[in-house]
Amino acid sequence: MSDDKHADIAAMSFEQALAELEAIVSKLEKGEIGLEDSIDAYERGAKLKDHCEAKLKDAQLKVERIKLGPDGAVSAEPFDPAS
Amino acid sequence: MIDTLPDSPSNVPVFSVGELSQAVKRTIEGTFERVRVRGEISGFKRHSSGHLYLSLKDDQAVLAAVCWRGSAARLSIQPEDGMEVICVGRLTTYPGQSKYQLIIDQMELAGEGALLKLLEERRRKLAAEGLFAAERKRALPYLPRVIGVVTSPTGAVIRDILHRLADRFPRHVLVWPVAVQGETSAAQVAAAIRGFNALPEGGAVPRPDVLIVARGGGSLEDLWGFNEEIVVRAVAESGIPVISAVGHETDTTLIDFAADRRAPTPTAAAEMAVPVRAELELAVRNADLRLLQALNRGLADRRKYLDALARALGDPQTLLGTATQRLDVAGERLGNGIAAYLRQRRADTAARAARLTHPRQLLQAKGRDLAAQGRALDQAMTAALHRQQARQERIAARLRPQLISAELRDVGERLRRASLDLHNCTGRRVQNAADRLAAQGRLLESFSFKKVLERGFVLVRDADDRPVMAAAATESGQAVSLEFKDGKITAVVGATAAPKRAAVKALKPTQGSLL
């Protein structure tokens, strides 16, 4: 159920997720959220954090070079600038 | 010169390269012994030998020039790239490289460089179209997934960019190789920018989230391609935000005006494109930590508040405990109190009982007292009797019975005589009184009207039973009563004349004359 409630997070960009996470933290720190809601907010915050971490983990340098076919079609091939 | 090919169709003499070069040299140096030439300085270099190497150019041609150390020292200006100058010198050739060049003796400033002037004119024109307007600038994505780089696939630029990206936040990089110098450069750069924009979302080749157009430092001419209108328009029209990084920080090209961000170097462009992953990890960890702390503190605060309220409410156990304890203490004291009270009363009673004299003793004591008092009384009575007896005896001794007897006899005689006198006197007086009383009685009787009635008189009385004393006191018809010696009758006045006289006589019963 909570997965459905936070399904929108999956589509979020890193900065959206981080911004909402920080907003939730700020609200919680100011005590602006009631007890029940604060637990919901925490759950959402934790999910946002997971999402952010997943985005950060997905950090691999992959370098490709654009190659134009004879018909102008664009493709990519591995590229090593040292070579 | 001596040899000719046997089948040569021409009799034109054949020069050796050296001969020709020398011929050209003689011609050029003879013809352009002293010239004044105007152009913009480009590719200026001061060699360690002190010689100056540079080019003079306009928008059509380039002329290599050199200023030997001796002349260089005497120049009135410090030459630099982009400077529009007029140089005085002679042309010479350099047969070893098939080149010719100007040997500069003098140099003077000729005003704003023609290329810069052209650049400025173009900038004004494109700015007037709004291509450089601030509101066209788009924000760079915070964390791009794919970065497109338009640059030469060789050289330091792409390596610098990739290195810095790897350091900060490794990403998927698509390099679109282009010539960054030369006549075709501008067209290739523009095509690459448009090509990246033409990539469909979710296609086989991912569409970049940000573009970097980069080139290393170079002369104004080297960078000229990035001033071309086709490049400027491609950048301005790009749907993908563009970072320009062309030349060094002091170089300004028109692409910089159109780009969303201008980076001073390719490395700086990489820094603009991605955040530092470690910092983001820190930020996420930080936020996560604060999230947990904030939640826990919120819970702890509430728990503390709840505890405070609960304390204020009071623990029923404690309340009950206190009450129970009070009850216990009170009950204990009650038991003790009763016991103590009873003990006390018992002790009091015992003490009082101890103080009580037994009735037998009391009776004995009283008996003893009584006996003593009886004895005392006896003694006192005896003593009193003795004293009385003694006194009576003393008085009796003084008594003389003969005197009393004589006196008694005398008194007796006197009494006897007085009594006799009294008797005589009294008898007489009583007889007299009786006689007088009988006489008075008779007299009284003779006065009574009854005696008159017996003599035939009648007493007349009115209705009020009062005697009627005169005829005038009657009236006709008055009811009267008539008393005779033998009784009463009633009559009415005025009936007859006969009884009138009798009635008048009867009306004077007290008249003494009738006696």
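Source: prediction; values computed, not measured.

**Re the packing of helix α2 (residues 14–30) of chain A against helix α3 (residues 35–57) of chain A**
The relative placement of two packed helices is expressed as an angle between their axes plus a distance between the axes.
All names here are of chain A.
Then, number 1: Here α2 crosses α3 at 150°, and the two axes come no closer than 9 Å. Considering their axes alone, α2 and α3 lie roughly antiparallel with respect to each other. Considering how the two elements wind past one another, α2 and α3 form a crossing that is left-handed. Listed contacts from α3 to Phe-14, Ala-17, Leu-18, Glu-20, Leu-21, Ile-24 and Leu-28 of α2 are Ser-38, Ala-41, Arg-44, Gly-45, Leu-48, Lys-49, His-51, Cys-52, Lys-55 and Leu-56.
Then, number 2: Residue classes in the contact of α2 with α3 are distributed as 10 nonpolar, 3 polar and 4 charged.

**Description of the sheet that holds strand β1 (residues 35–46) of chain B**
Residues and elements named next belong to chain B.
Then, number 1: A barrel is described by the order of its strands in space; here 5 strands give the closed sequence β1-β2-β3-β5-β4, paired in mixed fashion. Neighbour-to-neighbour, the strand axes of this sheet turn through a mean angle of 55°, independent of strand direction.
Then, number 2: In this structure, β1 lies alongside strand β4 (residues 84–94), joined through 6 bridges in antiparallel fashion. Bridging from a neighbouring strand, Val-37 pairs with Cys-87 of β4.

**Some thoughts on the interface of chain A and chain B**
Then, number 1: On the side of chain B, 35 residues touch chain A, which itself brings 39 residues to the contact.
Then, number 2: Together, the buried faces of chain A and chain B total about 3,300 Å²; carbon and sulfur atoms form 71% of this surface.
Then, number 3: Considering only the side of chain A, the residues that lose the most area to chain B are Tyr-42, Leu-56 and Ile-66 of chain A, jointly responsible for 18% of the buried surface there.
Then, number 4: Taken together, the links from chain A to chain B amount to 2 salt bridges.
Then, number 5: Between Lys-49 of chain A and Asp-288 of chain B there is a salt bridge, and its shortest N-O distance comes to 3.6 Å.
Then, number 6: On inspection of chain A and its partner chain B, the count reaches 11 residue pairs in polar contact (both at pLDDT 80 or more).

**Quick notes on the domain arrangement of chain B**
Accessible area lost upon the coming together of the parts is a frequently used measure of interface size.
Residue and element names in this part refer to chain B.
Then, number 1: On domain assignment, one finds that chain B holds domain 1 (17–111), domain 2 (116–134 + 141–275), domain 3 (277–311) and domain 4 (449–514).
Then, number 2: Between the C-alpha centres of domain 1 and domain 2 the distance comes to 35 Å.
Then, number 3: Contacts between the two partners involve 4 residues from domain 1, matched on the other side by 4 residues from domain 2.
Then, number 4: Roughly 310 Å² is buried in total at the junction of domain 1 and domain 2, and carbon and sulfur atoms are behind 42% of that figure.
Then, number 5: Interface area lost by domain 1 to domain 2 is led by Glu-40, Ser-42 and Lys-57, which between them contribute 69%.
Then, number 6: The interface formed by domain 1 and domain 2 holds 0 salt bridges in total.
Then, number 7: The interface formed by domain 1 and domain 2 contains 0 residue pairs in polar contact (both at pLDDT 80 or more).
Then, number 8: Looking at the side of domain 1 that touches domain 2 residue by residue, the classes come out as no nonpolar, 2 polar and 2 charged.

**Some words on the pattern of salt bridges**
Opposite charge on two side chains allows them to pair when their charged atoms are near.
Residues and elements named next belong to chain B.
Then, number 1: Scanning all chains against the criterion turns up 29 salt bridges over all chains.
Then, number 2: Residue Glu-271 pairs with Arg-164 through a salt bridge whose shortest N-O separation is 2.0 Å. Highlighted residues: Glu-271 in helix α8 (residues 266–273) and Arg-164 in helix α4 (residues 156–168), separated in sequence by 107 residues.
Then, number 3: Owing to a relative accessible area of 28%, Arg-164 belongs among the partly exposed residues under this scheme.
Then, number 4: A salt bridge links Glu-413 to Arg-417, with the nearest nitrogen and oxygen atoms 3.6 Å apart. Of this pair, Glu-413 and Arg-417 both sit in helix α12 (residues 401–447), separated by 4 residues, roughly a single helical turn.
Then, number 5: Assessed through its relative accessible area of 44%, Arg-417 is described here as partly exposed.

Scoring rules and cut-offs
Residues numbered from 1 in each chain as written. Chains lettered and ligands numbered in written order. Predicted model: local features only at pLDDT ≥ 70, side-chain atom pairs only at ≥ 80, totals over all residues. Heavy atoms only, no water. Axes fitted to C-alpha atoms, helices over the stretch in contact; angles between N-to-C directions. Helix = DSSP H or I, 4+ residues; strand = E, 2+ residues; numbered from the N terminus. Parallel < 35°, antiparallel > 145°, perpendicular 65-115°, else oblique. Left-handed = near helix turned anticlockwise from the far one by under 90°. Contact = heavy atoms within 4.5 Å. Nonpolar A, V, L, I, M, F, W, Y, C, P; charged D, E, K, R; others polar. Pairing = 2+ DSSP bridges. Buried area = accessible area lost by both parts, 1.4 Å probe. Salt bridge = Lys/Arg side-chain N within 4 Å of Asp/Glu carboxyl O. Polar contact = N/O pair within 3.5 Å; in protein donor to acceptor, adjacent residues only side chain to side chain. Domains from an automatic or database assignment. Buried < 20%, exposed > 50% of the residue type's maximum accessible area, 1.4 Å probe, protein only.

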